[in-house]
Amino acid sequence: MANQNWNPYDYGKSADFVPILGRPVIELLAPRPGEKILDLACGNGTLTKELMDAGVDVIGVDASPEMVEAAKANGVHAILLRAEHMTFHEEFDAVMSNAALHWMSDQYAVVRSVWNALKPGGRFAAECGGEGCVRIIREGMKIALIKRNIDYKARNPWKYPELGPFQKILENQGFKVSYIARIDRPTPLPNGLKGWLEVFSNSHTQGFTEIEKEKFYAEVEDYCRPFLYDEKTSTWIADYVRLRFLAQKDA
């Protein structure tokens, strides 16, 4: 999988809907004041801060130095750390993750790290992109890259888990899955498809000049327009699919 670079400013401008629409994860987690919680791949710390404000002792970890600094600027205790390489041992009452697991290639290692980080009886609540997420957008990017003789697979940063196989990953680690669902969630894009691409497709456009990027964005828009653009409201709507779950470590 390709690596994604993050720009917190662009993220806040064009992708602030991500933490807003991630609040059902907090509801699923049902955090209690005084609990110690790990926010896995905390990004700029928006949801982490909500947990702090609810009286939770929370630590955020993220693999992006830029996002860690943004989270710290938001008042969050954030650590630069890859989810697959965590070494916490039974330190947390719960682990929460929003819109992040599909960026992690070794999901077995992530689940194992979360298991090790949780106290007995601890909870793992998360939402990520599920199988079929942004399928049309990905098709548009794939076609645009093929035209340029670029290997799409080599630049694809995502691994969208399927419900059944991912539930097996959790259960094989020892988790008891109390809730899991695949959710179709068409999502309006506040800054349009181009704004979304500017944030999320930089691994696809690695090495492109600004002019080449603009042409790439335009080609992806042309492909996606018949499927994802609402002419009546002049709104781009991304074909998001989410995988949401709650699992518990045995007490």
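Preceding this section is the structure that the text describes.
To start, this report covers the structure provided alongside it. (Residues numbered from 1 in each chain as written. Predicted model: local features only at pLDDT ≥ 70, side-chain atom pairs only at ≥ 80, totals over all residues. Heavy atoms only, no water.)

What follows covers helix α10 (residues 192-200). For α10, a buried count of 7 out of 9 residues is recorded, marking the element as mostly surrounded by other parts of the structure. Those residues of α10 that sit buried are G192, L193, G195, W196, L197, V199 and F200. (Buried < 20%, exposed > 50% of the residue type's maximum accessible area, 1.4 Å probe, protein only. Helix = DSSP H or I, 4+ residues; strand = E, 2+ residues; numbered from the N terminus.)

Even without a glycine there, the phi angle at A99 is positive, about 55°. Examined against the element boundaries, A99 turns out to sit in the loop between β4 (92-98) and α6 (107-117). With a relative accessible area of 15%, A99 lands in the buried category. If you check the backbone angles, N149 has positive phi at about 60° while not being a glycine. For N149, the location among the structural elements is in the loop between α7 (135-147) and α8 (152-155). Taking the relative accessible area as the measure of exposure, N149 reaches 73% and is therefore exposed.

Right, let's talk about the pattern of salt bridges for a bit. A full pass over the atoms with the stated rule returns 18 salt bridges. The salt bridge partner of E127 is R185, with a shortest N-O separation of 3.3 Å. Of this pair, E127 sits in strand β5 (residues 118-129) while R185 sits in the loop between β6 (176-184) and β7 (187-188); the two residues are 58 residues apart in sequence, bridging distant segments of the chain. Bridged by salt links that share partners, the residues E127, R185, R242 and R244 form one connected network. (Salt bridge = Lys/Arg side-chain N within 4 Å of Asp/Glu carboxyl O.)

Next up on the list: the sheet that holds strand β8 (residues 229-230). Strand order in the open sheet formed by 3 strands is β7-β9-β8, and the pairing between neighbours is antiparallel. Strand pairing shows two members of the sheet lacking a second neighbour, β7 and β8, which therefore form its edges. Where helix α11 (residues 210-228) meets the sheet, its contacts fall on β8 and β9 (235-238), and the angle it forms with β9 comes to roughly 90°. (Pairing = 2+ DSSP bridges. Contact = heavy atoms within 4.5 Å. Axes fitted to C-alpha atoms, helices over the stretch in contact; angles between N-to-C directions.)

With mixed pairing, the 7 strands of this open sheet are ordered in space as β3-β2-β1-β4-β5-β10-β6. Only two strands of the sheet have a single partner each, and these edge strands are β3 (78-80) and β6. Mean inter-strand twist for the sheet, computed between neighbouring axes without regard to direction, equals 15°. One ladder, built from 5 bridges, connects strand β1 (residues 36-40) with strand β2 (residues 57-62); its direction is parallel. Across the sheet, L40 pairs through a bridge with V61, a residue of β2. Contacts from helix α4 (residues 46-53) reach β1, β2 and β4 within the one sheet, and its direction differs from that of β2 by about 170°. Most of the contacts of helix α5 (residues 65-73) go to β3, to which it runs at about 165°, and overall it touches β2 and β3.

As a further point, take the state of the cysteines. All chains considered together, the criterion is met by 0 disulfides. With no disulfide partner, C128 has as its closest neighbouring cysteine sulfur the one in C133, 8.7 Å distant. Given a relative accessible area of 0%, C128 falls into the buried group. (Disulfide = S-S within 2.5 Å.)

Attention now moves to the packing of α7 against α11. To characterise two packed helices, one gives the angle between the axes of the helices and the distance between these axes. Axis separation between α7 and α11 bottoms out at 9 Å; the angle between their running directions is 140°. Handedness of the α7/α11 crossing: right-handed. Contacts between α7 and α11 involve I136, I137, E139, G140, M141, I143, A144, L145 and K147 from the former and F216, E219, V220, Y223, C224, F227 and L228 from the latter. Residue classes in the contact of α7 with α11 are distributed as 12 nonpolar, 1 polar and 3 charged. (Left-handed = near helix turned anticlockwise from the far one by under 90°. Nonpolar A, V, L, I, M, F, W, Y, C, P; charged D, E, K, R; others polar.)

What follows is about the packing of α10 against α11. Running from amino to carboxyl end, α10 crosses α11 at an angle of 130°, the nearest separation of the two axes being 10 Å. With respect to each other, α10 and α11 are oriented oblique. For α10 against α11, the interelement crossing comes out right-handed. Where α10 abuts α11, its residues L193, K194, L197 and E198 lie against E214, Y217, V220, E221 and C224. Residue composition of the contact of α10 with α11, by class: 5 nonpolar, no polar and 4 charged. (Parallel < 35°, antiparallel > 145°, perpendicular 65-115°, else oblique.)

With that settled, the discussion passes to the nonpolar core. Counting residues in hydrophobic clusters, the biggest one holds 31 residues, and the most contacted among them are L40, L101, V114, F124 and F175. Those elements that place two or more of their residues in this core are β1, β2, β4, α6, β5, α9 (163-173), β6 and β10 (241-248). Ranked by residue count, the leading element in this core is α6, at 5 residues. If we ignore the near neighbours within four places in the chain, the residues touching V114 are L40, M86, V95, F124 and F175. (Core = buried A, V, L, I, M, F, W, Y, C linked by side-chain atoms within 4.5 Å.)

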